[in-house]
Amino acid sequence: MSDPMEFTDYLQNPGFDVPDDLRGQLTITTLDRIYNWGRRSSVWPLMFGLACCGIEMICTAASRYDLARFGMEIMRPSPRQSDLMIVSGTVTKKMIPQIVRLYNQMPEPKYVMAMGACASGGGPFKEGYNVVSGVDKFVPVDVYVPGCPPTPQALLNGLIKLQEKIDRQSIRRTRWYSPGAAEPIPIPILGPDLLDPRDFPKLKANLTAQTQPEEAAVAVAEAQAGEEDPGPDA
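Quick summary incoming for the structure in this document.

Concerning the overall build of the protein chain
Here comes step 1: Secondary structure summary: the protein chain contains 7 helices and 5 strands in total.
Here comes step 2: Helices and strands appear in the protein chain in the N-to-C order α-α-α-β-α-β-α-β-α-β-β-α.
Here comes step 3: A burial count over the protein chain gives 34% of its 234 residues as buried.
Here comes step 4: Contacts in the protein chain between residues far apart in sequence, at least 24 positions, make up 72% of those at least 6 positions apart.

Some points on the packing of aromatic side chains
Here comes step 1: Applying the stated criterion across every chain yields a total of 0 aromatic pairs.
Here comes step 2: Over the ring of Tyr 103 we find Lys 110; its NZ or CZ atom is 4.1 Å from the centre of that ring.

Overview of the nonpolar core
Here comes step 1: Among the nonpolar cores identified, the biggest contains 21 residues, and Leu 84, Met 113, Leu 159 and Leu 162 are the most heavily contacted of them.
Here comes step 2: For this core, the secondary structure elements donating two or more residues are helix H3 (53–61), strand E1 (84–88), strand E2 (111–115), strand E3 (143–145) and helix H6 (152–167).
Here comes step 3: No other element matches H6, which puts 5 residues into this core.
Here comes step 4: Beyond its immediate sequence surroundings of up to four residues, Met 113 is in contact with Leu 84, Met 85, Ile 86, Val 87, Val 143, Val 145, Leu 155, Gly 158 and Leu 159.
Here comes step 5: Listed in part, the 20 residues of the second largest apolar core include Phe 48, Ile 96, Val 100 and Val 141.

As for unusual backbone geometry
Here comes step 1: For the bond running from Glu 108 to Pro 109, omega is -5°, close enough to zero to count as cis.
Here comes step 2: Examined against the element boundaries, Pro 109 turns out to sit in the loop between helix H4 (96–105) and E2.
Here comes step 3: With omega at -10°, the peptide bond leading from Cys 148 into Pro 149 counts as cis.
Here comes step 4: Its location among the elements puts Pro 149 in the loop between E3 and H6.

Some points on the environment of Val 43
Here comes step 1: Mapped onto the elements of the fold, Val 43 is located in the loop between helix H2 (31–40) and H3.
Here comes step 2: Expressed as a C-alpha distance, the spacing of Val 43 and Leu 162, which sit 119 residues apart in the sequence, is 9.6 Å.
Here comes step 3: Residues in contact with Val 43, not counting those within four places in the same chain, are Gly 71, Met 72, Asp 83, Leu 84, Leu 162 and Ile 166.

Overview of the packing of H3 against H6
Here comes step 1: With their axes 9 Å apart at the nearest point, H3 and H6 run at an angle of 75° to one another. Between H3 and H6, the angle is such that the two are roughly perpendicular. Contact with H3, carried on its side by Glu 56, Met 57, Cys 59 and Thr 60, involves Pro 152, Leu 155 and Leu 156 of H6 and no other residues of that element.
Here comes step 2: Along the lines of polarity and charge, the residues of the contact of H3 with H6 split into 5 nonpolar, 1 polar and 1 charged.

Observations regarding the pattern of salt bridges
Any two side chains of opposite charge can pair, given that their charged atoms come close.
Here comes step 1: Enumeration according to the criterion identifies 5 salt bridges in this entry.
Here comes step 2: Between Glu 164 and Lys 161 there is a salt bridge whose closest N-O contact spans 3.7 Å. Pair noted here: Glu 164 and Lys 161 are both in helix H6, with a separation of 3 residues, about one helical turn.
Here comes step 3: A relative accessible area of 32% places Glu 164 in the partly exposed class.
Here comes step 4: Between Arg 198 and Asp 196 there is a salt bridge whose closest N-O contact spans 2.9 Å.
Here comes step 5: Overall, the relative accessible area of 39% leaves Arg 198 in the partly exposed class.
Here comes step 6: Residue Asp 196 is classed as buried on the basis of its relative accessible area, which comes to 7%.

Basis of the calculations
Residues numbered from 1 in each chain as written. Predicted model: local features only at pLDDT ≥ 70, side-chain atom pairs only at ≥ 80, totals over all residues. Heavy atoms only, no water. Helix = DSSP H or I, 4+ residues; strand = E, 2+ residues; numbered from the N terminus. Buried < 20%, exposed > 50% of the residue type's maximum accessible area, 1.4 Å probe, protein only. Contact = heavy atoms within 4.5 Å. Phe/Tyr/Trp six-rings, centres within 6.5 Å; stacked < 30°, edge-to-face > 60°. Lys NZ or Arg CZ within 6 Å of the ring centre and 35° of its normal. Core = buried A, V, L, I, M, F, W, Y, C linked by side-chain atoms within 4.5 Å. Axes fitted to C-alpha atoms, helices over the stretch in contact; angles between N-to-C directions. Parallel < 35°, antiparallel > 145°, perpendicular 65-115°, else oblique. Nonpolar A, V, L, I, M, F, W, Y, C, P; charged D, E, K, R; others polar. Salt bridge = Lys/Arg side-chain N within 4 Å of Asp/Glu carboxyl O.

Dropping the structure here:
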């Protein structure tokens, strides 16, 4: 709803009849619509870029495309003042722990946008030993922007899609107003390879399934050897 008149009609016609003489003086709407309007019109992106997509993001914020029209021109250098993480570029195994840490430091409500083929699925570097095949393997992604790299118009379209998603949300069903504290995403461990702590139970089960048959075979072999050689006390 980029047209101001369209949004005004959206607020003033929520399904209730308003007399003509009160139009312009009285507005009937819902709390969700007002709340979502305030959030969609002041989305502050986190200011960081990973690769060539970051140049396109900078271009989108310049005067030719002007993110200020969407209320998104304030790119914050601190995750604690941001509510949109634009992952713009190739995500390496060395970088993903820092991305998850920044995501955990962002306050709710927060959103993630995967900008470009690399952030969405690894891109042309997917087979590289040091590249993560999509940032969505570690943090939840709300909007994917395709392209290598995406044009500024594509990023603007992705931001509009994010606004449309915010418009459909309800305070009663959003996770940041649900009972209980939200658990932070475990930070991946960078060793010989990248390990996600959430996968530890599955990795342990696979390891146990691989080691138990060997242990059983060794136990059977030792039992058979003891029956063939009863020892000097026999």
